[in-house]
Amino acid sequence: MTRATPTRIEMTMEVNGAVRTLVVEPRTTLVDALREDLGLVGTRHGCDEGVCGACIVLVDGEPVLACLMFAAQAYGREVTTIEGLALPGALHPVQEAFVAAGATGCGYCTSGLVMLTAGALAREPEIAEDGLARLAAGNLCRCNGYGPILSAIRAARAAAVTAAE
Amino acid sequence: MKAAAFDYHAPASIDEALRILAAHGDEARILAGGQSLVPAMTARLARPAHLVDINRIAHAELPTVVAGRLRIPPLMRHIDFEVGAADGPLGALLAELSGHMASLPVRLRGTFCGSLAHADPASAFVLAAVVLGADMVARSTRRGVRNMAAGAFFTGILATGLADDEMLTEVQIPLLSRWTRWGFGAVGLRAAGWPLATALVVYERAEDDMTGVRVGVGGVEATAHRLPAVERMLERRAPSRRLFREAADAAGAMVDPAGDHVGTAQWRRDLVSAVVGRALEASTAVPVGQDPERP
């Protein structure tokens, strides 16, 4: 923290590979900072209380509910959003798996599910079968597209296991 | 909705955190994992004027075992219990409970001590603290260090015996002997949501009979608590389906839940019987690698 005042904090974090400096209110959540200050609107507002998973981003590689972290807490951290998961013009293997499985209904929950899956497989490429449903259960898809979503996560796991070998 | 405005503090040590608490009293709240406090703040159910983010405090993640007790530090996350916080049944028990909790992002951030300080009656870790006889270590600049037993620590829904300037700096849980059997049961509307009812059963079984039986339920009343009358029904008896059924039925009759939009009080009593029954059943399944003596 370079400077702190009662109302505003100047902070720096790395977002999708670029160092960004923001001036935020302490109460600004990470999802608001990403969407409103940085224009990264691929991270969605869902419930804003940590139960839907639409706002998941990676912080230092781990999936985080961006509605339950204040932006100030990400000071000095490395944040990855759906916009920066793959190189420009390319798709991450998890994104490819979601496309191939048709695992997008209206698409609102998709970025959160993709970031969750990418973060979970980076921690543990060989998630057991019952663990996959448990993983997806933390994210709400109101199109109820969990069949294709599970197929996509399964395919992403296969790709992650192959990549790890 | 946005949280009410607050000043943000990121102390580098527990002592510094305690000084900030001492300066601001009931205006300040500790932010650990934030998975319960932040939604409460966003909904304006909590409006601290000062938020003390302890996540930058170093060396507060790793547990230790001293004199037969597991010591859980303030930044030990739910996920850290997956690998086993201690050898033997206590580590396995806490690992299973952590796996039941919420979703992966919540498990990665949420802390054990934070769960206890938040004191949600449905928290599996709150239930474990009550059933396993945990000691809460609270620190403040004014009183120094004091210990509170779990039974006295949890005083109501989201309420504890912590004073405004105190921080829960450690939780100590006695290790469990290798003869220990345990089982956990939970029912919820969503796999990743808060359970509606939980039960934890712990006992020793060196021979046929169960001894030192402890049975606790959570999620149905203001605090998780033990059921001494059910414990007496099981003490020095051998496990059987009939005994377990009787104990589970008795447990449901002993709680006094409030009905709400989810279900009636009677339905919640039935849930308690169901989760106690499941916990008892699970206790007879020998965990792999836990007991070489009894195949």
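This is a predicted model, so every value here is computed, not measured.

## What about the packing of aromatic side chains?
And step 1. In this structure the tally under the stated criterion is five aromatic pairs over all chains.
And step 2. Taken together, a centroid distance of 5.1 Å and an interplanar angle of 50° make the contact between Phe-81 of chain B and Phe-125 of chain B tilted. In this pair, Phe-81 of chain B sits in the loop between β5 (69-72) and α3 (89-100) while Phe-125 of chain B sits in helix α6 (residues 124-131), placing the two residues 44 residues apart along the sequence. Accessibility assignment for this pair places Phe-81 of chain B and Phe-125 of chain B in one class, buried.
And step 3. We classify Phe-125 of chain B as buried; its relative accessible area is 0%.
And step 4. In this structure, Arg-44 of chain A is placed above the aromatic ring of Tyr-108 of chain A, and the distance from its NZ or CZ to the ring centre is 5.2 Å.

## What about the sheet that holds strand β10 (residues 167-174) of chain B?
Residues and elements named next belong to chain B.
And step 1. With antiparallel pairing, five strands are arranged side by side in an open sheet as β4-β5-β10-β6-β7. Because the sheet does not close on itself, it has two edges, and the strands there are β4 (64-66) and β7 (144-149). Within the sheet, the average angular offset between the axes of one strand and its neighbour, ignoring direction, is 25°.
And step 2. Looking at chain direction, strand β6 (residues 135-140) and β7 are connected through six bridges and run antiparallel. Residue pairing across strands places Arg-139 opposite Val-145, the latter belonging to β7.

## Some remarks on the interface of chain A and chain B
And step 1. Taken together, the 33 residues of chain A in the interface contact 35 residues of chain B.
And step 2. Note on chain A versus chain B: buried area summed over both sides is about 2,600 Å², and carbon and sulfur give 57% of it.
And step 3. For the pair chain A and chain B, the number of links is one salt bridge.
And step 4. A salt bridge links Lys-2 of chain B to Asp-32 of chain A, with the nearest nitrogen and oxygen atoms 3.2 Å apart.
And step 5. On inspection of chain A and its partner chain B, the count reaches nine residue pairs in polar contact (both at pLDDT 80 or more).
And step 6. The set of elements that each furnish at least two residues to the side of chain A that touches chain B consists of α1 (30-37), β5 (62-65), α3 (110-123) and α4 (129-136) of chain A.
And step 7. It is β5 of chain A that contributes the most residues to the side of chain A that touches chain B, four residues altogether.
And step 8. In terms of residue class, the side of chain A that touches chain B is made up of 21 nonpolar, three polar and nine charged.

## Examining unusual backbone geometry
All names here are of chain B.
And step 1. One non-glycine residue with positive phi stands out, namely Arg-44, at about 65°.
And step 2. With respect to the helices and strands, Arg-44 occurs in the loop between α2 (37-42) and β3 (50-53).
And step 3. Notably, His-59 is not glycine yet its phi reads approximately 60°, a positive angle.
And step 4. Among the structural elements, His-59 can be located in the loop between β3 and β4.
And step 5. Judged by relative accessible area, His-59 falls into the exposed class, the value being 79%.

## Overview of the pairing of β5 of chain B
Residue and element names in this part refer to chain B.
And step 1. Every second residue of β5 is oriented toward a common face, the buried set being Leu-70 and Ile-72 and the non-buried set Arg-69 and Arg-71.
And step 2. With four bridges connecting them, β5 and β10 associate as antiparallel partners. Within β10, the residue paired with Arg-69 across the bridge is Pro-174.

## Quick look at the pairing of β6 of chain B
Residues and elements named next belong to chain B.
And step 1. Here β6 folds back onto β7, and the loop between the two strands holds three residues.
And step 2. Here β6 pairs with β10 via five bridges, running antiparallel. Looking across to β10, one finds that Met-136 is bridged to Val-171.

## As for the state of the cysteines
Residue and element names in this part refer to chain A.
And step 1. Under the defined criterion, the tally for this structure stands at zero disulfides over all chains.
And step 2. Here Cys-141 stays unpaired: no disulfide links it, and the sulfur of Cys-109, its closest cysteine neighbor, is 4.1 Å away.
And step 3. No disulfide involves Cys-143; its sulfur sits 3.8 Å from the nearest other cysteine sulfur, which is in Cys-106.
And step 4. With a relative accessible area of 42%, Cys-143 lands in the partly exposed category.

Scoring rules and cut-offs
- Residues numbered from 1 in each chain as written.
- Chains lettered and ligands numbered in written order.
- Predicted model: local features only at pLDDT ≥ 70, side-chain atom pairs only at ≥ 80, totals over all residues.
- Heavy atoms only, no water.
- Phe/Tyr/Trp six-rings, centres within 6.5 Å; stacked < 30°, edge-to-face > 60°.
- Helix = DSSP H or I, 4+ residues; strand = E, 2+ residues; numbered from the N terminus.
- Buried < 20%, exposed > 50% of the residue type's maximum accessible area, 1.4 Å probe, protein only.
- Lys NZ or Arg CZ within 6 Å of the ring centre and 35° of its normal.
- Pairing = 2+ DSSP bridges.
- Axes fitted to C-alpha atoms, helices over the stretch in contact; angles between N-to-C directions.
- Contact = heavy atoms within 4.5 Å.
- Buried area = accessible area lost by both parts, 1.4 Å probe.
- Salt bridge = Lys/Arg side-chain N within 4 Å of Asp/Glu carboxyl O.
- Polar contact = N/O pair within 3.5 Å; in protein donor to acceptor, adjacent residues only side chain to side chain.
- Nonpolar A, V, L, I, M, F, W, Y, C, P; charged D, E, K, R; others polar.
- Disulfide = S-S within 2.5 Å.

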